[in-house]
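Spelled out from the first residue to the last, the chains are:
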Amino acid sequence: MNAHDSEKVSGTLLEHGYTQVATPEDAGLVLYNTCSIRDKAEQKVFNRLQNFKRAGNGKIFGVLGCVAQQEGEKIFDRAPHVSLVCGSASYPRFGEMLVQLEAGARRVTGLSLDTEETFDTPFTRRDNPHRAYITIIEGCDKSCAYCVVPFTRGPERSRTSESVMAEARRLAGAGYSEIQLLGQNVNSYRDPSPAGWNFAALLERVAAVTGIRRVRYTTSHPRDFGKDIVEAMDRHQAICDHVHLPVQSGSTRVLRSMERQYTRDEYMRRIEWLKSAGRRYSLTTDIIVGFPGETEQDFEQTLDLLDQVQYDSLFSFKYSPRPNTAALQMSDVVPDEEKQRRLVTLQEKQRAIQIRRNAEMIGDIREVLVEGRHQSLGQWIGRTSDNRTLNFTHTAGDGDSLVGRYLPVRVTRSGPNSLVGESVTVV
Ligand code: SAM
Ligand code: SF4
């Protein structure tokens, strides 16, 4: 989401007559987009701002994103060379703020979270010529006890289905073949216009746009992930064979204290829907280890969940205390060495699962979207519908760029994180 926010902000700058330069040293205006989901993000931002300052004679600096929202005007005090502090909920006013900066204002802020607006702009400067992101919902109305997002991105606001569909059609017309729908919790999408589509309805309509061959979406929240989404996926081949469904913990007790609003059994019911669906979907998740009060037994339940679900991949994190969140007040903190031990144990277990699951793909023929080339390996980089990296060799017409094309590839080797293969000619 942050990467796409940056694309939208860059597009707005180009629209205002700015041009993009290769390095911050060459720039007259430096905007630093930030994330505060984990670790001591604020400290990193201030260190980086110090470095910018040294190289920054006469430049204008701005801080955007979650650290800007979280630290607010304090940033001006600690880094007086900064002239703009703006959270993501204020990006719809970004053009106005630029005008203020150009007029010489030196403490411009966009910090209100009291908004019903989303940042819809036709001026997005997209980094990838084949895959495009579309934000469908901003903010989050959940209150997971560990999470800073509701405090930094504000309340949920859905875009109208009309504006999402117009963007999807425009992108397809411009040659994009893959669309990724974005939101902190896409499943709670609710069209604010009278059409009133829910997420499953929107997903189906986007998948049916002529020229769109792949649709992905992220992120889902298990509580709002309804069976209608699986049914929509089954009906449309264009919706990719992949679901990212963050579980966070395999222990219902920990899930309750995280305020995740589902039990392990309720989560498993959704996994069963997906496993008994019309197609084989790859499943990935997010897990936090060492949440306050997580016992060894709780952690073992998470390991057991990995055995039960057999995820294709996962993102794992050590719990990191965040400002304003409910978990900050919880006792029974898990020491860092123990968090680290649990993280390594979890990752080793998952690695073994991935080695086994990826080896099962050897001999399969998969369609890939070609994303790039590894010159040194003499391989093209492909991505399968189920979100695996499948690097491959291609002999016919090797001089031509294949980037952006869809090709069938036979899997010949596998590793824990990717597959290797060779392109095949289908007769
Ligand atoms: N809205 C999404 C969700 O509910 O899964 C994404 C939230 S966040 C950007 C992505 C992941 O970061 C979360 O799923 C969670 O695993 C992790 N995360 C969030 N806050 C964290 C914290 N305080 N400590 C460690 N991991 C955290
Ligand atoms: Fe954070 Fe929970 Fe909202 Fe995801 S659903 S953004 S984890 S509060």
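Below is a summary of the structure that appears in this document.

Reading the values: the criteria
Residues numbered from 1 in each chain as written. Chains lettered and ligands numbered in written order. Predicted model: local features only at pLDDT ≥ 70, side-chain atom pairs only at ≥ 80, totals over all residues. Heavy atoms only, no water. Axes fitted to C-alpha atoms, helices over the stretch in contact; angles between N-to-C directions. Helix = DSSP H or I, 4+ residues; strand = E, 2+ residues; numbered from the N terminus. Parallel < 35°, antiparallel > 145°, perpendicular 65-115°, else oblique. Left-handed = near helix turned anticlockwise from the far one by under 90°. Contact = heavy atoms within 4.5 Å. Nonpolar A, V, L, I, M, F, W, Y, C, P; charged D, E, K, R; others polar. Phe/Tyr/Trp six-rings, centres within 6.5 Å; stacked < 30°, edge-to-face > 60°. Buried < 20%, exposed > 50% of the residue type's maximum accessible area, 1.4 Å probe, protein only. Pairing = 2+ DSSP bridges. Salt bridge = Lys/Arg side-chain N within 4 Å of Asp/Glu carboxyl O. Expected span 1.5 Å × (residues − 1). Near = heavy atom within 4 Å. Polar contact = N/O pair within 3.5 Å; in protein donor to acceptor, adjacent residues only side chain to side chain. Areas by Shrake-Rupley, 256 points an atom, 1.4 Å probe, with all protein chains shown as cover.

### What to know about the packing of helix H7 (residues 161-173) against helix H8 (residues 199-207)
Viewed as axis vectors pointing N to C, H7 and H8 meet at an angle of 25°, and their least axial separation amounts to 10 Å. Overall, the two elements H7 and H8 adopt an arrangement that is roughly parallel. Handedness of the crossing formed by H7 with H8: right-handed. Facing Ser161, Val164, Met165 and Ala168 of H7, the residues of H8 in contact are Leu202, Arg205 and Val206. Residues that form the contact of H7 with H8 fall into these classes: five nonpolar, one polar and one charged.

### Regarding the environment of Leu101
Tracing the backbone through its elements, the reader meets Leu101 in helix H5 (residues 94-102). Each C-alpha atom, one on Leu101 and one on Ser193, is 35 Å from the other, the two residues being 92 residues apart in sequence.

### Regarding the packing of aromatic side chains
Within the structure shown, the criterion is met by seven aromatic pairs. Between Tyr146 and Phe291, the ring centres sit 6.3 Å apart and the planes meet at 85°, which makes this aromatic pair edge-to-face. With Tyr146 in the loop between strand S6 (137-138) and helix H6 (149-153) and Phe291 in the loop between strand S11 (282-289) and helix H12 (296-309), this pair connects stretches of sequence that are 145 residues apart. Every member of this aromatic cluster is reached through a ring pair, and the members are Tyr32, Phe52 and Phe61.

### Overview of unusual backbone geometry
Residue Thr219 is bonded to the preceding Thr218 through a cis peptide linkage, with omega at 5°. The residue Thr219 is located in the loop between strand S9 (214-218) and helix H9 (227-235) in this model. The backbone phi angle of Asp39 is positive, close to 60°, even though this residue is not glycine. Note on Asp39: relative accessible area 45%, which makes it partly exposed. In this model, Asp332 sits at a positive phi of 65°, which is unusual for a non-glycine residue. Within the fold, Asp332 resides in the loop between strand S12 (313-318) and helix H13 (336-359). Relative accessible area serves as the criterion here: at 59%, Asp332 is assigned to the exposed category.

### Regarding the sheet that holds S12
Pairing is parallel across the open sheet formed by three strands, whose spatial order is S10-S11-S12. A single partner strand is all that each edge strand has here, and the edge strands are strand S10 (242-244) and S12. Taking the axes of each pair of neighbouring strands and ignoring which way they run, one obtains an average angle of 10° across the sheet. Here six bridges tie S11 to S12, and the two strands are oriented parallel to one another. By the bridge assignment for S12, Val289 is matched with Lys318.

### Some points on the pattern of salt bridges
Within the structure shown, the criterion is met by 33 salt bridges. With its nearest N and O atoms 2.7 Å apart, the salt bridge here joins Arg264 to Asp304. Residue Arg264 is found in helix H11 (residues 264-275), and its partner Asp304 is found in helix H12; the two are separated by 40 residues along the sequence. We classify Arg264 as buried; its relative accessible area is 12%. For Asp304, a relative accessible area of 38% gives the class partly exposed. A single salt-bridge network, built from bridges that share partners, covers Asp312, Arg357, Asp364, Arg366, Asp386 and Arg388.

### A short note on helix H2 (residues 41-54)
A rise of 1.5 Å per residue sets the reference length of H2, with its 14 residues, at 20 Å; its end C-alpha atoms lie 21 Å apart and thus fit the reference within 8%. Residues of H2 that are buried sit in contact with strand S1 (29-34), strand S2 (60-65), helix H3 (66-71), helix H4 (74-78) and strand S3 (82-86).

### With respect to the site of ligand 1
Tyr146, Gln184, Gln248, Asp286 and Ser320 are the nearest of the 15 residues found near ligand 1. Arg38 is positioned such that a nitrogen or oxygen atom in its side chain is 3.0 Å from an oxygen atom of ligand 1. The contact in question runs from an oxygen atom of ligand 1 to an N or O atom on the side chain of Asp286, over 2.6 Å. In isolation ligand 1 has 550 Å² of accessible area, and contact with the protein removes 89% of it. Counting only elements with at least two residues in the shell around ligand 1, the list comes to S11 and S12. Grouping the constituent residues of the shell around ligand 1 by class yields six nonpolar, four polar and five charged.

### What to know about the side chain of Gln70
Tracing the chain through its elements places Gln70 in helix H3. The buried category is assigned to Gln70, whose relative accessible area is 16%. Ignoring sequence-local partners within four residues, the contact set of Gln70 consists of Ser36, Glu42, Val148, Thr152, Arg322 and Pro323.

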